[in-house]
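# Results of the structural survey
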Amino acid sequence: MAQISVRDVTKIYKGGVKAVDNVNLGIENKEFMVLVGPSGCGKSTTLRMIAGLEEISSGKIWIGNRLVNDVPAKDRDIAMVFQNYALYPHMSVFENMSFGLRLRKYPKHEIVRRVQEATEILGIKHLLERRPRQLSGGERQRVALGRAIVRKPQAFLFDEPLSNLDAKLRVQMRTEIHKLRLRLQTTFVYVTHDQTEAMTLGDKIVVMKDGKVQQCADPMTIYDKPANKFVASFIGSPPINLMQGRIIKKERKLYFDEGKFQVKLVEDMHRVLAAHEGKEIIFGIRAEDIYDKLFVSEASTENTIRAACEVVEPLGSEVYLYLNSGKNMFIARVGAHNRPEVNRDMDLVLDMSKVHFFDRETEKTIV
């Protein structure tokens, strides 16, 4: 178990391609940190530099109290679980799980004890004599996890370990990884492009884009207080609704003017947004903060808009409404009982205490 510190780390490939740009991370002992972002954002490269599988161009990496810049991967006392499982096809499950221990010349009785302990934790004791080709995707993933567990490393590194599994199995394995983390009580660094995995697994989430860290915080801070437009749009399903408009003033009150509708800002936002009066600005509201007026007991005309419902998408416990204001398309997420008519106008109430505003030029959060 150990802290991991990544300080001013940059990775530049031949040709001047900068994959990771001055990344700083502090991962506490026993913390579960998730690196998330779109393909090519630098998250896997950052993980591989921590593991020692990629050389860093500049910066420093500590694992525990040891600077590991020049320490080979095999001597860093970490275990990595790969996307493709990396199991030896000619070996049994037992041989795959014990391979690293045999290379390190562990006594046979210790190898057997550790493998048995890991297979009991993962529920794969009955698979020990099978070859990887005889296993399902979920069973192969458990074997890959078991191979990491038997080493009892200071930290576990996961590189998109669930991306090859179907949707149902991904949910199941997320639960298994969460249980494993609680049982092992060690440091986890997890890379994924799936924001659902990030939100459900991480103590902290690091959102990356173009090799840079956009925000690092706990899941609900990332969701409720995104640092910029990219973080707000990447985290959340469906994505946050974004609309461009202006801040205007009427009778000492501030409004957001989208062009087809105007909504009044709550007073808490006036002090910050007064400086943006008359300027183009980006307005963001999440799908769950938009309500059908028919189901709202009290609604002000100053936060009610009219839009056409173009698609109704029932998802069992909830319904997605795809709406058109005449200028912007946006989505509302409502209760399962709410099924408005398609291609008809409807009144919608916006929860103005939950909205976000972003600077049009910098895309940083204003409120």
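These remarks concern the structure in this document. (Residues numbered from 1 in each chain as written. Predicted model: local features only at pLDDT ≥ 70, side-chain atom pairs only at ≥ 80, totals over all residues. Heavy atoms only, no water.)

### A word on the side chain of Ser98
Going by this rule: Where helices and strands are cited, they refer to DSSP runs of H or I of at least four residues and of E of at least two residues respectively, numbered from the N terminus. For every residue, the accessible area obtained with a 1.4 Å probe (protein chains only) is divided by the maximum for its type, and the residue is called buried under 20%, exposed over 50%, and partly exposed between those limits. Note on contacts: a residue pair qualifies if any of its non-hydrogen atoms lie within 4.5 Å across the two residues.
Position of Ser98 among the secondary structure elements: in helix H2 (residues 93-103). Residue Ser98 is classed as buried on the basis of its relative accessible area, which comes to 0%. Once residues within four sequence positions are removed from consideration, Ser98 is found in contact with Ile111 and Val115.

### Structural notes on the packing of H2 against helix H3 (residues 108-122)
Stated precisely, the cut-off is as follows: Throughout, an axis means a line fitted to C-alpha atoms (over the contacting stretch in the case of helices), and angles, computed between N-to-C directions, take values from 0 to 180 degrees. Any angle from 65 to 115 degrees is called roughly perpendicular, while one under 35 is roughly parallel, one over 145 is roughly antiparallel, and all others are oblique. For any pair of crossing helices, the crossing counts as left-handed if the nearer helix is rotated counterclockwise from the farther one by less than a right angle, and right-handed if it is rotated clockwise. Throughout, the ten residues Ala, Val, Leu, Ile, Met, Phe, Trp, Tyr, Cys and Pro are labelled nonpolar, Asp, Glu, Lys and Arg are labelled charged, and all others, Gly among them, are labelled polar.
In contact at an axis separation of 10 Å, H2 and H3 are set at 130° when each is read in the N-to-C sense. Judged by the angle between their axes, H2 and H3 are oblique. Crossing handedness for the pair H2 and H3: right-handed. Note on element contacts: H3 touches H2 through Ile111, Val112, Arg114, Val115, Ala118 and Thr119, opposite Phe94, Met97, Ser98, Leu101 and Arg102. Considering only residue class, the contact of H2 with H3 consists of seven nonpolar, two polar and two charged.

### Examining unusual backbone geometry
Ser237 connects to Pro238 through a cis peptide bond whose omega is 0°. Inspection of the secondary structure puts Pro238 in the loop between helix H8 (229-234) and strand S11 (241-250). Within the chain, Arg252 stands out as a residue other than glycine whose phi angle is a positive 65°. At Asn343, a residue that is not glycine, the phi angle is positive and equals roughly 65°. Relative to the assigned elements, Asn343 resides in the loop between strand S18 (329-335) and strand S19 (344-350). For Asn343, a relative accessible area of 62% translates into the label exposed.

### Examining the packing of helix H4 (residues 137-149) against helix H5 (residues 167-184)
Close contact between H4 and H5 brings their axes to 11 Å; oriented N to C, the two are set at 20°. In terms of orientation, H4 lies roughly parallel with respect to H5. As for how H4 packs across H5, the hand of that crossing is right-handed. Only Leu169, Gln172, Met173, Glu176, Ile177, Leu180 and Leu184 of H5 make contact with H4, whose side of the interface consists of Gly137, Gly138, Gln141, Arg142, Leu145 and Ile149. Residue classes in the contact of H4 with H5 are distributed as seven nonpolar, four polar and two charged.

### Notes on the environment of Gln195
The line we're drawing: We call two N or O atoms a polar contact when they sit within 3.5 Å, provided that within protein one can donate a hydrogen and the other can accept it, with sequence-adjacent residues counted only if both atoms are side-chain atoms.
Along the chain, Gln195 turns up in helix H6 (residues 195-201). Take Gln195: its relative accessible area is 13%, and that puts it in the buried class. Polar side-chain contacts of Gln195 include one of 3.1 Å to the backbone nitrogen of Gly236.

### Comments concerning the packing of aromatic side chains
Rule in force here: Any two rings among Phe, Tyr and Trp, with Trp reduced to its six-membered ring, count as a pair given centres within 6.5 Å; such a pair is stacked if its planes are under 30 degrees apart, edge-to-face if over 60, and tilted if neither.
Going through the model one piece at a time under the given rule, you end up with 11 aromatic pairs. Pairing Phe32 with Phe188 gives two aromatic rings, centres 5.2 Å apart and planes at 10°, and the pair type is stacked. Of the two residues, Phe32 sits in strand S3 (residues 32-36) while Phe188 sits in strand S8 (residues 187-192), which places them 156 residues apart along the sequence. Judged on exposure class, the residue Phe32 and its partner Phe188 are both buried. By the ring-pair criterion, three or more aromatic residues cluster together here, those being Phe32, Phe156, Phe158, Phe188 and Tyr190.

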